[in-house]
Amino acid sequence: MNSGGETGSGEHRPPGRQAGAENAAFSALLEDSAEDLYEHAPCGYLSTLMDGTIAKINTTLLDWLGHERGDLVGRRTFSDLLTVGGRLYHETHFAPLLRIQGEVSGIALELRTTDGGRLPVLVTSTVKTGDDGRPLLIRTTVFDARDRRAYETELLRARRQAEREREELMRLNATLQQTLLPPTLVNVPGLDVAAYYHVASTDMVGGDFYDLFPLSAGTWGLFLGDVCGKGAAAAAVTSLARYTLRAAAVYDPDPVAVLGNLNTVLHHEYNGHDPRFCTVVFGLLTPEGEHGGFRITLAGGGHPPALLLRADGSADHVDTPGGQLIGVLPDAHIATATVHLAAGDTLLLYTDGLTEARTGGGDRYGDEALLDFARALAPTTASDAVAAIRDLLDTFGTGIDDDTAVLAINVPRPPSEEQQ
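Residues numbered from 1 in each chain as written. Predicted model: local features only at pLDDT ≥ 70, side-chain atom pairs only at ≥ 80, totals over all residues. Heavy atoms only, no water.

**What about helix α7 (residues 231-251)?**
To be explicit about the condition: Numbering goes from the N terminus for both helices and strands, where a helix is a DSSP run of H or I of at least four residues and a strand is a run of E of at least two. Residue count minus one, scaled by 1.5 Å, sets the expected span of a helix. For the exposure calls, accessible area comes from a 1.4 Å probe over protein chains only, and a residue counts as buried if that area is under 20% of its type's maximum, exposed if over 50%, partly exposed in between.
The terminal C-alpha atoms of α7, which comprises 21 residues, lie 30 Å apart, in line with the 30 Å expected from a rise of 1.5 Å per residue. Within α7, the full set of buried residues consists of Gly231, Ala234, Ala235, Val237, Thr238, Ala241, Arg242, Thr244, Leu245, Ala248 and Ala249.

In structure tokens:
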């Protein structure tokens, strides 16, 4: 049996023998000649005269290039080893900068090998001067950059691939976004209509939507809404909401019934682990023959209040207070309001991407600021109102976090009043 300090397996070398081995290793290192370290360094070394003629070159660099020492020393210049492009860069930038600064570090160049290949390298050169300060020769260190070049090439390839994929995603998002909006707004006799959709990010499909469409003779339906979230999931809800609203309005155009139908569908489809909901305002347009203009009944489900800009220059909210989010509860409370649009009046519907945008000071724009904006804008037309909102959105710059949809409806003034 071995004593506590011994081992029969040879796993632990006695202290004396271990120290002797380490001393022998250090002695071997000390016996390395400086010349051997120079010749077989892991990088290339060469020294040239001030005119570039090669005076000394190590074995490492010769092996990389495939040259014999006698082919280069005293016969060739450093620039002779470079590719055509590298030689041009050396003469126009590298050499002049070296003469001015006395040192140039980490310059990427390519050397030519004897088999016609190209060797990417990183070059550092230093001018050695004499005691009197006069330049004597140039010492150059050359690092093999093949692995780095391969890494950079792969990185560039991956970046370009990512850019192509992002561009394709942007095109798909734009195409999908267009399918969620009406290609054109229907022409309603006696009304001017304009709409605009502001995309906050091209990387994600937004959930805002709007539409204007005919129902029975003499009536039209309109809606504008905002689905929670972004991306494909929000787009699916948006598509379902649009088609449900149109189908429900054909079946029963009463605004409360239309939003009630949508609430039932969304709550049934999305009441599991990933609930989805939206805010919507639905309107029923009916012309008022004898009195002129239109009667609009609006039903609101948790949506920001519409703005009514009157022909007399006043403006105010059309509130539907108490209207609940659509799709959250089995039986959502839906609030309504009815207004009369006379000649020169404009109704403006919008999503909360507008009022939640951040101003230059970092504060939310807000409902009151938008109301003040509308009062300064009234009276106006549908197209002018939408154009003004577009200009307003542009002033927020990167302060817009969410998409914004805008729908404006205007009863034009008679030509005689417009001239006045």
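**Comments concerning the confidence of the model for the chain**
What counts, and what does not: Here pLDDT means the predictor's own confidence in every residue, given as a number from 0 to 100. Residues count as neighbours in contact if any of their non-hydrogen atoms are within 4.5 Å of one another.
Residues of the chain with pLDDT of at least 70 account for 86%, and the chain-wide mean is 86. Between residues 1-10, whose pLDDT stays under 50, and residues either more than four places distant or in other chains, the model counts three contacts.

**Describing the packing of α7 against helix α8 (residues 255-269)**
Note the following rule: To define axes, lines are fitted to C-alpha atoms, for helices over the stretch in contact only, and angles between the resulting N-to-C directions are given on a 0 to 180 degree scale. We call a crossing left-handed when the near helix sits turned anticlockwise from the far one by less than a right angle, and right-handed when that turn is clockwise. Each residue receives one of three labels: charged for Asp, Glu, Lys and Arg, nonpolar for Ala, Val, Leu, Ile, Met, Phe, Trp, Tyr, Cys and Pro, and polar for the others, Gly being one of them.
One can describe the packing of α7 onto α8 by two numbers: an axis separation of 9 Å at closest approach and a directional angle of 145°. Remark: the crossing between α7 and α8 carries right-handed chirality. Mapping the contact onto sequence places Val237, Leu240, Ala241, Thr244, Leu245, Ala248 and Ala249 in α7 and Val258, Leu259, Asn261, Leu262, Val265, Leu266 and Glu269 in α8. Considered class by class, the residues forming the contact of α7 with α8 number eleven nonpolar, two polar and one charged.

**So, the sheet that holds strand β2 (residues 54-57)**
Note the cut-off: Note on pairing: two strands pair once DSSP finds at least 2 bridges between them.
On the basis of which strands lie adjacent, the open sheet formed by five strands has the order β2-β1-β5-β4-β3 and antiparallel pairing. Sheet topology places β2 and β3 (103-112) at the edges, where each strand pairs with a single neighbour. Pairs of neighbouring strands in the sheet enclose a mean axial angle of 25°, with direction left out of account. Sheet topology places β3 next to strand β4 (residues 118-129); eight bridges connect them, and they run antiparallel.

**Some thoughts on unusual backbone geometry**
Cis geometry is adopted by the peptide bond preceding proline 379, which originates at alanine 378 and carries an omega value of -5°. Counting through the fold element by element, proline 379 comes out in the loop between α9 (367-377) and α10 (382-396).

**Focus: the sheet that holds strand β12 (residues 315-318)**
Strand order across the open sheet formed by five strands is β6-β15-β14-β11-β12, with antiparallel pairing between neighbours. Because the sheet does not close on itself, it has two edges, and the strands there are β6 (192-198) and β12. Pairs of neighbouring strands in the sheet enclose a mean axial angle of 20°, with direction left out of account. With five bridges joining them, strand β14 (residues 346-350) and strand β15 (residues 404-410) adopt antiparallel strand pairing. Looking across to β15, one finds that leucine 349 is bridged to leucine 407.

**Comments concerning the packing of α9 against α10**
Rule in force here: Throughout, the term roughly parallel applies to angles under 35 degrees, roughly antiparallel to angles over 145, roughly perpendicular to angles from 65 to 115, and oblique to all others.
Packing of α9 against α10 brings their axes to within 11 Å, and their N-to-C directions diverge by 135°. Overall, the two elements α9 and α10 adopt an arrangement that is oblique. Seen along the crossing, α9 lies across α10 with a hand that is right-handed. Of the residues in α10, those touching α9 at Leu370, Phe373 and Leu377 are Ala385, Ala388, Ile389 and Leu392. In terms of residue class, the contact of α9 with α10 is made up of seven nonpolar, no polar and no charged.

**Quick word on the pairing of strand β9 (residues 278-287)**
Among the ten residues in β9, nine count as buried, and that is most of the element. Here strand β8 (residues 220-227) pairs with β9 via eight bridges, running antiparallel. When the sheet's bridge partners are listed, leucine 222 is paired in β9 with glycine 283. Of the pairings in the sheet, the one linking β9 to strand β10 (residues 294-301) comprises eight bridges and is antiparallel in character. Bridge pairing in β10 links leucine 284 to threonine 297.

**Quick notes on the pattern of salt bridges**
Convention followed: Salt bridge criterion: a side-chain nitrogen from Lys or Arg within 4 Å of a carboxyl oxygen from Asp or Glu.
Scanning the entire structure with this criterion turns up nine salt bridges. Of the charged contacts, one joins arginine 69 and glutamate 39 as a salt bridge, the two residues approaching to 3.1 Å between their closest N and O atoms. You can see arginine 69 sitting in helix α4 (residues 69-72) and its partner glutamate 39 sitting in helix α2 (residues 34-39), a full 30 residues away along the chain. The exposure class of arginine 69 is partly exposed, given its relative accessible area of 33%.

**Thoughts on the side chain of threonine 320**
Here threonine 320 is to be found in the loop between β12 and β13 (335-341). Those residues in contact with threonine 320 that sit more than four places away from it in its chain are Leu298, Gly300, Ala335, Thr336 and Ala337.

**What to know about the environment of leucine 49**
You can see leucine 49 is positioned in strand β1 (residues 44-49). Taking relative accessible area as the criterion, leucine 49 reaches 41% and is therefore assigned partly exposed. Counting along the chain gives 86 residues from leucine 49 to proline 135, while the straight-line C-alpha distance between them is 9.3 Å. What leucine 49 contacts, discounting residues up to four positions off in sequence, is Ala55 and Ile138.

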